[in-house]
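Examining the three-dimensional arrangement
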Amino acid sequence: MSVETLQELLIDELKDLYSAEKQIVRSLPKLAKAASTPELQEALRSHLEETKGQVQRLEKIGEIVGKKMTGKTCSGMKGVLEEGSEVLEDTEAGMVRDAALIGASQRVEHYEMAGYGTARDFAKLLGMDDVVELLEETLKEEKAADQKLTTISKAVNSQAKDEMEEAA
Ligand SMILES: [Fe+2]
């Protein structure tokens, strides 16, 4: 066992998030390119930029806690993103694909929200206020990204339904 304290568990969670964010930075361009709805493309592209900032924020946290953020692979996010890529194999460009892309992207956001919420609570208990603040900034961005996707999904999902009815 290498994790024995809450502090070590926090570092572990942070490394996991760091790996997750780096994977997301690599995947988002492909997902954005595959979207047909301009609003969805824009949402994914702007979240890509936001995600790059989140990577930097975790590096800053690494400096505060005196630990490298590298060295761990988040296999959960790897799986979530693999499922996102499967969407591109299973669908043609159009509203059904966009609906599936939103579903996949919201899985990413919810996974992150769980991770950041947990890390934030650990940091709070450990009295690491500057770390809490940085984690909350990112958590806020993830929640906003998720809400934006929910808004976009309303139009996309109903268009996807029409698209399927036309094809039938
Ligand atoms: Fe993120």
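So, here's what we can say about the structure. (Residues numbered from 1 in each chain as written. Predicted model: local features only at pLDDT ≥ 70, side-chain atom pairs only at ≥ 80, totals over all residues. Heavy atoms only, no water.)

In this section: the nonpolar core. Within soluble globular proteins, side chains that are nonpolar generally end up buried alongside one another. If you look at the biggest cluster of nonpolar residues, it comprises 25 residues, and the most contacted ones within it are Leu 40, Met 77 and Leu 101. Of all the secondary-structure elements, those providing two or more residues to this core are helix H1 (6-34), helix H2 (38-65), helix H3 (75-90), helix H4 (95-125) and helix H5 (129-167). Considering every element that reaches this core, the biggest residue donor is H1, with six residues. In contact with Leu 101, not counting residues within four places along its chain, are Leu 31, Ala 34, Ala 35, Leu 40, Val 87 and Leu 88. (Core = buried A, V, L, I, M, F, W, Y, C linked by side-chain atoms within 4.5 Å. Buried < 20%, exposed > 50% of the residue type's maximum accessible area, 1.4 Å probe, protein only. Helix = DSSP H or I, 4+ residues; strand = E, 2+ residues; numbered from the N terminus. Contact = heavy atoms within 4.5 Å.)

Before going further, it helps to spend a moment on the pattern of salt bridges. Enumeration according to the criterion identifies eight salt bridges in this entry. For Lys 72, the salt bridge goes to Asp 12, with nearest N and O atoms at 3.9 Å. Of this pair, Lys 72 sits in the loop between H2 and H3 while Asp 12 sits in helix H1, placing them 60 residues apart in sequence. Classification of Lys 72 by relative accessible area gives partly exposed; the value is 30%. Salt bridges sharing partners connect three or more residues here, namely Asp 12, Asp 16 and Lys 72. (Salt bridge = Lys/Arg side-chain N within 4 Å of Asp/Glu carboxyl O.)

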